[in-house]
Amino acid sequence: MNAHEQGHAGALPVQEVQALLRSNQELKQLNAQLSEAQEKLVQSEKLASIGQLAAGVAHEINNPIGYIFSNFGTLERYLANLFEMLAAYEAAEPLLAGTTVGAELSALRHKVELDYLKEDIPTLMAESREGISRVRKIVQDLKDFSRVDNSQEWALADLHQGLESTLNIVNNEIKYKAKVVKDYGEIPEILCLPSELNQVFMNLLINASHAISGEKGCITIRSGRDGAQVWVEIADNGSGISPENLNRIFDPFFTTKPIGQGTGLGLSLSYGIVKKHHGQILVDSQLGAGTRFRVILPIEQPDGPDDPGPAQAG
């Protein structure tokens, strides 16, 4: 057999080549499906963990706060009765003038600074009641954030309420780095998975906070309606995103944060959630000037699937 004949003998038939190409294409599709399934699984587990954590914290705090609040009301009534009795004693003081008992009472009044206590105790009680009310509000925000009572069911929800509860949850992450400016428009309630959208808002707010360094920055939250859709914008005046990274920010595990400070899943999960809601995330960023994310969501959910994909805002 000469070299020419050996070349033909070693070549694969056209049918086998086509079969191999088809198999390769099927493997690529299967790999893509597996990657998407893995991303959804990670998203589901993360949301479930956050929901369970919020529910557990809310439950554990709610019980002691409940009886503290109840006891506090009782204490206020007791103090009112004591002040009433004290006023009666004070009215009787002139009758003891010039006596040893009267002198002892006068000395004790000055020692305990009774006049100051009568002014300060109501102030302390009011401040304490305000503190307890704030804790109760945080607990309610945790419940609103996780929406644990709704078991991840589609429901009509007020996005502004979701933003407010999420802002309270991440307040400690933001308050030292940026002021928050709210420019809410008139938007209706939308059909959605509220706790999942709260997760999107949380990711965008924390990313905005992390983008700000140095002097105290600004995070601006806007909202509005455009026909059958509503939109929420979260913008910062931070470091911005470089053009070469802008098209990769929604990729799973992609992050520009230092090792140990970011998983690279936040924006990927957010994109998956918005995609599930048949919406879009638009992003516009300039290095040194800041970044603006716009989440666009339908007011009512369409019947068929829709995947508009991430895009850059114009």
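Analysis parameters
- Residues numbered from 1 in each chain as written.
- Predicted model: local features only at pLDDT ≥ 70, side-chain atom pairs only at ≥ 80, totals over all residues.
- Heavy atoms only, no water.
- Helix = DSSP H or I, 4+ residues; strand = E, 2+ residues; numbered from the N terminus.
- Buried < 20%, exposed > 50% of the residue type's maximum accessible area, 1.4 Å probe, protein only.
- Contact = heavy atoms within 4.5 Å.
- Expected span 1.5 Å × (residues − 1).
- Salt bridge = Lys/Arg side-chain N within 4 Å of Asp/Glu carboxyl O.
- Axes fitted to C-alpha atoms, helices over the stretch in contact; angles between N-to-C directions.
- Parallel < 35°, antiparallel > 145°, perpendicular 65-115°, else oblique.
- Left-handed = near helix turned anticlockwise from the far one by under 90°.
- Nonpolar A, V, L, I, M, F, W, Y, C, P; charged D, E, K, R; others polar.
- Pairing = 2+ DSSP bridges.
- Phe/Tyr/Trp six-rings, centres within 6.5 Å; stacked < 30°, edge-to-face > 60°.
- Lys NZ or Arg CZ within 6 Å of the ring centre and 35° of its normal.
- Patch = residues over 30% accessible without salt bridge, like charges linked within 9 Å, V, L, I, M, F, W, Y side chains within 5 Å.
- Areas by Shrake-Rupley, 256 points an atom, 1.4 Å probe, with all protein chains shown as cover.
- Core = buried A, V, L, I, M, F, W, Y, C linked by side-chain atoms within 4.5 Å.
- Polar contact = N/O pair within 3.5 Å; in protein donor to acceptor, adjacent residues only side chain to side chain.

### Some thoughts on the overall build of the protein
Within the protein, the regular secondary structure consists of nine helices and eight strands. The buried share of the protein, taken over its 314 residues, is 33%. Here the contacts in the protein between residues at least 6 apart in sequence split such that 74% fall between residues at least 24 apart.

### Focus: helix α7 (residues 194-210)
Taking 1.5 Å of rise per residue, 17 residues should cover 24 Å, and α7 covers 24 Å from first to last C-alpha, within 8% of that figure. Buried residues dominate α7, accounting for 14 of its 17 residues.

### Re the pattern of salt bridges
Where charged atoms from two side chains of opposite charge approach closely, those side chains can pair. If you walk through the whole model with that rule in mind, you get eleven salt bridges. Between Arg109 and Asp115 there is a salt bridge, with its nearest N and O atoms 3.1 Å apart. Given a relative accessible area of 48%, Asp115 falls into the partly exposed group. Note that Arg222 and Glu233 form a salt bridge whose closest N and O atoms lie 3.7 Å from each other. Here Arg222, found in strand β4 (residues 217-226), pairs with Glu233, found in strand β5 (residues 229-236); they are eleven residues apart in sequence, far enough to count as distant.

### Description of the environment of His278
Here His278 shows up in the loop between α9 (266-276) and β6 (280-286). Separated by 19 residues in the primary sequence, His278 and Leu297 have C-alpha atoms spaced 6.9 Å apart.

### Side note on the packing of helix α5 (residues 159-169) against α7
One way to put it is that α5 packs onto α7 with a least axis distance of 9 Å and a crossing angle of 50 degrees. As summarised for this structure, α5 and α7 are arranged oblique, according to the angle between their axes. Considering only the axes of α5 and α7, their crossing is right-handed. Taken together, the residues of α7 that come into contact with α5 (itself represented by Leu159, Gly162, Leu163, Ser165, Thr166 and Leu167) are Leu197, Asn198, Phe201, Met202 and Leu205. Looking at side-chain class alone, the contact of α5 with α7 contains seven nonpolar, four polar and no charged residues.

### A short note on the pairing of β6
Relative to strand β7 (residues 290-298), β6 is paired through seven bridges, and the arrangement is antiparallel. Across the sheet, Asp284 pairs through a bridge with Arg292, a residue of β7. Hairpin connection from β6 to β7: three residues lie between these consecutive antiparallel strands, with Gly288 at a positive phi of about 80 degrees.

### Some thoughts on the packing of aromatic side chains
Going through the model one piece at a time under the given rule, you end up with zero aromatic pairs. It is Arg129 that lies over the ring of Phe69; its NZ or CZ is 5.2 Å from the centre. When the ring centre of Trp231 is taken as reference, the NZ or CZ atom of Arg294 above it lies at 4.0 Å.

### Examining unusual backbone geometry
In this structure, Glu113 is a non-glycine residue whose phi angle is positive, near 55 degrees. Phi is positive for His278, close to 60 degrees, though the residue is something other than glycine.

### Points about a nonpolar patch on the surface
A grouping of Leu95, Leu96, Val101 and Leu105 is seen on the molecular surface, where their side chains present a nonpolar patch of about 360 Å² in accessible area. Positionally, Val101 belongs in helix α3 (residues 100-112).

### Side note on the nonpolar core
If you look at the biggest cluster of nonpolar residues, it comprises 32 residues, and the most contacted ones within it are Leu159, Ile190, Leu197, Leu205, Ile219, Ile234 and Leu297. Among the secondary structure elements, those contributing two or more residues to this core are α5, β3 (190-192), α7, β4, β5, α9, β6 and β7. For this core, the element with the most residues is α7, which contributes seven residues. Ignoring sequence-local partners within four residues, the contact set of Leu159 consists of Ile187, Ile190, Leu197, Phe201, Val230, Val232 and Leu297. In this structure, Phe72, Leu79, Met125 and Ile132 belong to the second largest nonpolar core, which totals five residues.

### Overview of the side chain of Glu233
Taking the relative accessible area as the measure of exposure, Glu233 reaches 5% and is therefore buried. Of the polar contacts made by the side chain of Glu233, one reaches the side chain of Arg294; its length is 2.8 Å. Once you skip the residues sitting within four places of it in the chain, Glu233 turns out to touch Thr220, Ile221, Arg222, Arg292, Phe293 and Arg294.

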